[in-house]
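Tertiary structure, described
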Amino acid sequence: MHSLLNYSSRIKKALDLGKPILAMESTVLTHGLPYPDNLDILETLEELCYSLEVEPATIIVLDGQLHIGMDDQEKEILKNKLQHSQELNKFSMRDIPYAINYKKSGGTTVSATMLLSYKAGIRVFATGGIGGVHKSWNETLDISSDLKALSEIPIIVVSAGCKAILDIPATLEVLESEAVPVLGWKTNEFPAFYSQKSGKKIDKIESAKDVVNIYKTIQKLYPNPTGILVANPVPEKDQIPYKEIAEHIIAAIDEAKAKGISGKELTPFLLANLAEKTAGKSVQSNLALLKNNVLIGAQIAKELK
Ligand code: PSU
Ligand code: MN
């Protein structure tokens, strides 16, 4: 086992016994969802994993310690920090060494979670939506390191596509350039997070077995194996059609620009702003798609065995 990592007792056991494990990120808890929804969703998602006989490994950094799976003790620490608004950062891949050195706490983004999952020997991870190319990319060069991680770390990531706050066509172009397979779960259409459809076509897969076959082929074939993005649309009843959310997105981006918000603050700002503008509808949709991604991630975790 890796010396920089702290495994929860359940994950240690699951790894020893070769039980299926599904990794989950924690930025969605610290920055993606408003309080107090973020307190409950961790339990909800973990319960869902248990009901599917898969071990959830929520990945988080607390006081400079890298946690692979959270025991009750870590959950208490997180709850306390959330309830008392103590410092919780947003850590992407490059922030991890700094966080260890200065004993910082924070949620791990998709890129950091992919890195730590890989180090821990976990091969599949469920999130809400990945980061990607921001609409302002030609002025700001704001491209999430989630895309770099997908191009370099051989982990299967299940997400509801990427948020419509991003430049979706440009995000798909980068994934294509980097040779990252983008596979639609029973669909030919790349989903747009809150919405089932983005208008962009992708390759369709039908089962967890298909994903695992493709994953195994990549390990045999690529000189530097990439990750895989499994794009799983939000359930129809929980979606916010793009037409409905588009005006809010444009307004949120304008507000961010006026306030000079950029860098790692941008995504959390836009998400919080949309939650406000849609009177919580975007949060409901976010919760539903997270659960939906855990369902598929769990199937893939089982198939990997
Ligand atoms: N999707 C969500 N909520 C989130 C994020 C994605 O539904 O909070 C987070 C993820 O952790 C993702 C990060 O990795 O936003 C991307 O941030 P940035 O654009 O700064 O790379
Ligand atoms: Mn960014």
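The structure we're discussing is the one just above.
One structure accompanies this document, and this report is about it. Note that this is a predicted model, so its numbers are computed, not measured.

About the thresholds
Chains are numbered independently. Their residues run from 1 in the order of the written sequence. Chain labels run from A onward and ligand labels from 1 onward, assigned in the order the entries are written. Per-residue local features of the predicted model are confined to residues with pLDDT of at least 70, and side-chain atom pairs are confined, for both listing and counting, to 80 or more; whole-chain, interface and lining totals are unaffected and use all residues. To obtain the side-chain values, all non-hydrogen atoms of the structure were used and water was disregarded. A helix here means a DSSP run of H or I that spans at least four residues, while a strand means a run of E at least two residues long, and both kinds are numbered starting from the N terminus. The classification of residues rests on relative accessible area computed with a 1.4 Å probe and restricted to protein chains. Under 20% of the type maximum is buried, over 50% is exposed, and intermediate values are partly exposed. Residue contacts are counted whenever heavy atoms from the two residues lie within 4.5 Å of one another. Only the protein chains shown count as cover for residues, and the accessible areas themselves come from Shrake-Rupley with a 1.4 Å probe. Charge convention: Lys and Arg are scored as positive, Asp and Glu as negative, and His as well as the terminal groups of each chain are ignored. The atom standing in for a charge is NZ when the residue is Lys, CZ when it is Arg, CG when it is Asp and CD when it is Glu. Only buried Ala, Val, Leu, Ile, Met, Phe, Trp, Tyr and Cys residues count toward a nonpolar core, and they belong to the same one when joined by side-chain atoms within 4.5 Å. The definition of a polar contact used here is a pair of N or O atoms within 3.5 Å, where within protein one atom must be able to donate a hydrogen and the other to accept one, and adjacent residues in sequence count solely through side-chain atom pairs. The nearness test applies per residue and asks whether one of its heavy atoms lies within 4 Å of the molecule or strand. A pair of strands is labelled paired if DSSP reports no fewer than 2 bridges between them.

A count of helices and strands for the chain gives 13 helices and 11 strands. Projected onto its principal axes, the C-alpha positions of the chain cover 50 × 45 × 35 Å. Across the 305 residues in the chain, those meeting the buried criterion constitute 55%. Nonlocal contacts in the chain, meaning residues at least 24 apart in sequence, comprise 73% of its contacts between residues at least 6 apart. Approximately 13600 Å² of the chain is accessible, and the part contributed by carbon and sulfur atoms is 50%. Charge-centre separation for the chain: the mean point of 34 positive side chains lies 3 Å from the mean point of 37 negative side chains.

Counting residues in each nonpolar core, the largest one holds 60 residues, and the members touching the most others are Ile68, Met114, Ile130, Val157, Leu175 and Phe190. Counting residues in each nonpolar core, the second largest holds 42 residues, with Leu33, Val124, Ile156 and Leu290 among its members.

Mapped onto the elements of the fold, Ser117 is located in helix α6 (residues 110-120). A relative accessible area of 0% places Ser117 in the buried class. In this structure the C-alpha to C-alpha distance between Ser117 and Ala208, which are 91 residues apart in sequence, comes to 19 Å. Discounting chain neighbours no more than four positions away, the residues touching Ser117 are Ala23, Ile59, Ile122 and Ile155. Polar contacts involving the side chain of Ser117 include one to the main-chain carbonyl oxygen of Thr113, which spans 2.6 Å.

Turning to the site of ligand 1, a few remarks are in order. The immediate surroundings of ligand 1 are formed by 17 residues, with Lys90, Val110, Ser144, Asp146 and Thr267 found nearest. In this structure, an oxygen atom belonging to ligand 1 sits 2.8 Å away from a side-chain N or O atom of Glu25. Residue Gly129 places a main-chain N or O atom 2.9 Å away from a nitrogen atom belonging to ligand 1. Relative to its unbound accessible area of 480 Å², ligand 1 is 95% covered by the protein chains. Elements represented by at least two residues in the shell around ligand 1 include exactly α2 (27-32) and α12 (266-277). Of the residues forming the shell around ligand 1, the biggest block, three residues, is contributed by α2.

What you see with strand β9 (residues 182-185) is no split at all: Val182 and Gly184 on one side and Leu183 and Trp185 on the other are buried throughout. Bridging between β9 and strand β11 (residues 228-231) involves three bridges; their strand directions are parallel. Across the sheet, the residue bridging to Leu183 is Val230, located in β11. In terms of strand pairing, β9 meets strand β10 (residues 203-205) through three bridges, oriented parallel. Bridge assignment links Gly184 to a residue of β10, and that residue is Lys204.

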